[in-house]
Amino acid sequence: MTPGSRSWSRLLAVLRGNAREAIDSLRKARLRTVLGLIGIMIGISSVITMVSLGEIAKAKARKEFEALGTDILVIRKSFEGAEAEAAINVPDALALAPQTPSITIAAPRISGYGSFQYAGKEVGRGSLQGVSASFLRVNKLSLQEGRFISDLDVDRYYCAIGAGVADSMRAAGGRQLIGQHLEIDGTLFTIVGVLNEAVDNYALPVQVSANESVFVPISTAGRVVANAEIDVIIARSAAGVHYRAATADVNAYFQSRSPDLKLEVVTAQELIARMEAQMRIMTLLLGAVGSISLIVGGVGVMNIMLVSVAERRREIAIRRALGARRRDIQSQFLIESVILTVAGGVLGIILGLLATWGICRFTGWDYLISGASLLSGLGTATAVGLFFGFQPARQAARLDPVTGLQGD
């Protein structure tokens, strides 16, 4: 056996012996051990729960974006530094996609508000949206029956209704809704389509609210909506086009047609980048809040170890008198501290996962286990054991054997 292998064998033997001594000492002081475990367990579970909830919230927000697509752009008139008369006109908005290679589809909208009546009964109040045929596809809406607004429905009084409006009409006695007339603020529209129920997505700074809305041709909306002006264009960029390039192309297109018009272009990719940066900060803050209880648990571990050193002065002195080195005594108490905190850390991880699962079940969020949080939980528990166990271990190693043998 080489000198190096003998050194490793001796080191492993010492560590095994110290571990046995540490476990035996913790077993004898059951009450102190349980209190220390509880402190570390609560601290680690707090960190695990906080970090996991931060990751789950980030995944949920990203999922909402991806449900609409990360290629989406929201184009609006900017009122900052713009001329009051400048506005997005309908022909320019409809020509955006055909004349801008980086944009595959664009759907302008004129938005108003109205009261909906059927057979002399009010069946709802909601948004009256003047749109083009592309609005259905760009917002990933689907039809229950009939058809959506067509680009051929120029100045026609046709409409497609949301699922909520359709339900109210059926409750008012409507059976076959296609072909029926819906009165909107005194103007009759013929229903040509009924939409399926749509889930509102709050990730983007624009809401469609399709369920309680009535959709009419954008040319017709210019007649029936007060102050008819395009409030938003929802567009999608071509595959592989960076959002900054798409934004620049949109601005250049409208600048060439209306120099006084100033736009605000918000992209999903830009919002995702902002959201993830904010979520990282939030996760760090949540982790920091959880770490406060972990520090409290670490201080408790230090107190337990200091009491243990005080009670075992004679044992330490005897071991020193029999030839144990200072580093042997120090490693024994450090190992005891690490065993205590790692055991508490494992229990804390289990508690943290159960707490996260319970919160997700209550809120309806998707349960997500973060591997990084589990590893950081064990690593943090070990670090706490080393940090807060170092001073008691150092104090035990520096104990004078003569003083220890003379009495308590």
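Refer to the structure above for everything that follows.
Residues numbered from 1 in each chain as written. Predicted model: local features only at pLDDT ≥ 70, side-chain atom pairs only at ≥ 80, totals over all residues. Heavy atoms only, no water.

Participant: It is not clear to me how the overall build of the protein chain should be interpreted in this structure. Could you clarify?
Facilitator: What the protein chain contains, in helices and strands, is 13 helices and ten strands. Here the protein chain holds 408 residues, and 45% of them are scored as buried. Accessible surface, the protein chain: about 20500 Å² in total, of which carbon and sulfur atoms supply 59%. (Helix = DSSP H or I, 4+ residues; strand = E, 2+ residues; numbered from the N terminus. Buried < 20%, exposed > 50% of the residue type's maximum accessible area, 1.4 Å probe, protein only. Areas by Shrake-Rupley, 256 points an atom, 1.4 Å probe, with all protein chains shown as cover.)

Participant: Is there a simple way to think about the packing of aromatic side chains in this case?
Facilitator: Where two aromatic rings form a pair, the distance of their centres and the angle of their planes describe that pair. Under the counting rule described, the total for this entry stands at four aromatic pairs. Measuring from ring centre to ring centre gives 5.8 Å for F135 and F215, while their planes differ by 45°; the resulting arrangement is tilted. Here the residue F135 occupies a position in helix α5 (residues 134–138), and F215 occupies one in strand β8 (residues 214–217), the gap between them amounting to 80 residues. In terms of burial, F135 and F215 fall into one category: buried. For the pair Y253 and F254, a centre-to-centre distance of 5.0 Å together with 85° between the ring planes defines the contact as edge-to-face. Owing to a relative accessible area of 5%, Y253 belongs among the buried residues under this scheme. Take F254: its relative accessible area is 2%, and that puts it in the buried class. Taken together through their ring pairs, the aromatic side chains of F135, F148 and F215 make up a single cluster. (Phe/Tyr/Trp six-rings, centres within 6.5 Å; stacked < 30°, edge-to-face > 60°.)

Participant: What exactly am I supposed to notice about the nonpolar core here?
Facilitator: Nonpolar side chains in soluble globular proteins tend to be buried together. Formed by 42 residues in total, the largest nonpolar core has its most connected members in I161, M169, L182, V214, I233 and F254. Here the element with the most residues in this core is strand β2 (residues 103–118); it accounts for five residues. In this structure, F254 is in contact with I88, D92, A93, L96, I233, L261 and L263, ignoring residues within four places of it in sequence. (Core = buried A, V, L, I, M, F, W, Y, C linked by side-chain atoms within 4.5 Å. Contact = heavy atoms within 4.5 Å.)

Participant: Honestly, unusual backbone geometry in this entry has me stumped. Any pointers?
Facilitator: Outside of glycine, negative phi angles account for most residues, and trans bonds account for most peptide bonds. The backbone of A119 sits at a positive phi, close to 55°, despite the residue not being glycine. Residue class for A119 comes out exposed when judged on its relative accessible area of 62%. The phi dihedral of D155 falls on the positive side, at around 60°, and the residue is not glycine. For D155, the location among the structural elements is in the loop between β4 (143–146) and β5 (158–161). Residue D155 is classed as partly exposed on the basis of its relative accessible area, which comes to 30%.

Participant: Is there a simple way to think about the side chain of R236 in this case?
Facilitator: Tracing the sequence through the fold places R236 in strand β9 (residues 230–237). Given the relative accessible area of 7%, R236 is considered buried. Polar side-chain contacts of R236 include one of 2.7 Å to the backbone oxygen of V138. (Polar contact = N/O pair within 3.5 Å; in protein donor to acceptor, adjacent residues only side chain to side chain.)

Participant: What exactly am I supposed to notice about the packing of helix α10 (residues 313–321) against helix α11 (residues 326–363) here?
Facilitator: Helix packing geometry: the angle between the two helix axes and the distance between the axes. Contact pair α10 / α11: the axes reach a minimum separation of 10 Å and the direction vectors enclose 145°. The hand of the α10/α11 crossing is right-handed. Between α10, through E315, I316, R319 and R320, and α11, the contact on the second element is made entirely by R326, I329, Q332 and F333. A per-class count over the contact of α10 with α11 returns three nonpolar, one polar and four charged. (Axes fitted to C-alpha atoms, helices over the stretch in contact; angles between N-to-C directions. Left-handed = near helix turned anticlockwise from the far one by under 90°. Nonpolar A, V, L, I, M, F, W, Y, C, P; charged D, E, K, R; others polar.)

Participant: Explanation requested: helix α8 (residues 243–257) in the structure shown.
Facilitator: It helps to recall that an α-helix has 3.6 residues per turn; residues three or four apart then point in one direction. An ideal rise of 1.5 Å per residue puts 21 Å on 15 residues; α8 measures up with 22 Å between its terminal C-alpha atoms. Among the residues making up α8, those that are buried are Y243, A246, T247, V250, Y253 and F254. Mapping the buried residues of α8 onto a view down its axis gives an arc of 130°, with all of them on the same face. Exposed positions of α8 whose direction lies more than 90 degrees from the buried face are R244 and S256. (Expected span 1.5 Å × (residues − 1). Arc of directions from axis to C-beta.)

Participant: Can you help me understand the environment of T382 in this one?
Facilitator: Position of T382 among the secondary structure elements: in helix α12 (residues 371–397). Using a relative accessible area of 29% as the deciding quantity, one classes T382 as partly exposed. Sequence-wise, T382 and S337 are 45 residues apart; in three dimensions their C-alpha atoms are separated by 8.8 Å. Ignoring anything within four residues of it in the chain, the contact list for T382 reads V338 and V342.

Participant: It is not clear to me how the environment of T363 should be interpreted in this structure. Could you clarify?
Facilitator: Here T363 shows up in helix α11. Of note is the side chain of T363, whose polar atom sits 2.9 Å from the backbone oxygen of I359.

Participant: Help me understand the environment of G345, please; the structure alone is not making it clear to me.
Facilitator: Tracing the backbone through its elements, the reader meets G345 in helix α11. Along the chain, G345 and G39 lie 306 residues apart, while their C-alpha atoms are 9.8 Å from each other. Apart from the residues within four sequence positions on either side, G345 is in contact with I40, I44 and A381.

Participant: What should I look at first to understand the pattern of salt bridges in this one?
Facilitator: Side-chain pairs of opposite charge can arise whenever the charged atoms involved come near each other. What the rule picks out here adds up to nine salt bridges. With a closest N to O distance of 4.0 Å, R257 and D92 form a salt bridge. One end of the pair, R257, is in helix α8; the other, D92, is in helix α3 (residues 90–94), with 165 residues separating them in the sequence. The class of R257 is partly exposed, set by a relative accessible area of 35%. Connected through salt bridges with shared partners, the residues E145, D167 and R170 form a single ionic network. (Salt bridge = Lys/Arg side-chain N within 4 Å of Asp/Glu carboxyl O.)

Purely spatial values, then, with no claim about function.
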